[in-house]
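One-letter residues, chain by chain:
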Amino acid sequence: MAKSSRIISTPIGDMLAVANKGALIYLDFIDEIVEVENSDNYILVKLEQELKEYFAKKLQTFSIPLSPSGTEFQKGVWDTLLKIPYASTLSYAAEAKLFGNPKATRAVANANGKNPISILIPCHRVISSDGSIGGYSGGGVWRKEFLLSLEGVEI
């Protein structure tokens, strides 16, 4: 299936978005210059608008269809992330429990780190059990702090 790409500017850096005809398959921050012919794919154009609204605090729930590529385990973890409400956080241990495998905290955290769709699959809402911010493979802890603050979460 043909893929389309678009660079989307946000207050915390540019993001590379990739979609096929039916869904978003990739969204992550890029810190280097990437040459991309910005596609007018409907999903990518709508994503850009929804991200603008999200960063303007006018949108809490995205309507973009998602199709991340990963193992069945990873996809299950990412589905669990989608259950974490806007402006809420969950510990990695609580996420593993919600996922249905409380002993899989490390594996769940590892799957979070491989999340190919930043922000929309909200791995930034998962923090350490001690209340500290934890890691963020989506482009640095400072971005995670920004996203949580934007949503009104105090860390």
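In what follows, the structure referred to is the one given above.
Thresholds applied
- Note on numbering: residues in each chain are counted from 1, in written sequence order.
- The predicted origin of the model limits local features to residues at a pLDDT of at least 70 and limits the giving and counting of side-chain atom pairs to 80 or more, whereas totals for whole chains, interfaces and linings rest on all residues.
- Only hydrogens and water are removed before side-chain values are computed, so all heavy atoms of the structure are retained for them.
- Secondary structure elements follow DSSP: runs of H or I of four or more residues count as helices, runs of E of two or more count as strands, with numbering from the N terminus.
- For the radius of gyration, the atom set is restricted to C-alpha positions; the globular benchmark scales as 2.2 Å times the number of residues to the power 0.38.
- For the exposure calls, accessible area comes from a 1.4 Å probe over protein chains only, and a residue counts as buried if that area is under 20% of its type's maximum, exposed if over 50%, partly exposed in between.
- We call two residues in contact when some of their heavy atoms are within 4.5 Å.
- Per-residue accessibility takes into account occlusion by the displayed protein chains alone, with areas from the Shrake-Rupley method and a 1.4 Å probe.

Engineer: I keep staring at the overall build of the protein chain and nothing clicks. Help me out?
Structural biologist: When you go through the protein chain residue by residue, the secondary structure sums to five helices and five strands. In summary, the protein chain has a C-alpha radius of gyration of 15 Å against a globular reference of 15 Å for 155 residues, a match within 12%. Taken along the three principal axes of its C-alpha coordinates, the protein chain extends 45 × 30 × 25 Å. The proportion of buried residues among the 155 residues of the protein chain is 47%. When contacts within the protein chain are restricted to residue pairs at least 6 apart in sequence, long-range pairs at least 24 apart make up 55% of them. Working note: accessible area of the protein chain is about 8,100 Å², and carbon and sulfur atoms make up 50% of it.

Engineer: Just checking my understanding: could you explain unusual backbone geometry for this structure?
Structural biologist: Positioned with a positive phi, Lys57 is a non-glycine residue whose angle comes to about 60 degrees. Relative to the elements of secondary structure, Lys57 occurs in the loop between α1 (42–55) and α2 (72–81). Located in the positive-phi region is Ala87, a residue other than glycine, with phi close to 65 degrees. As for its placement among the helices and strands, Ala87 is situated in the loop between α2 and β4 (90–91).

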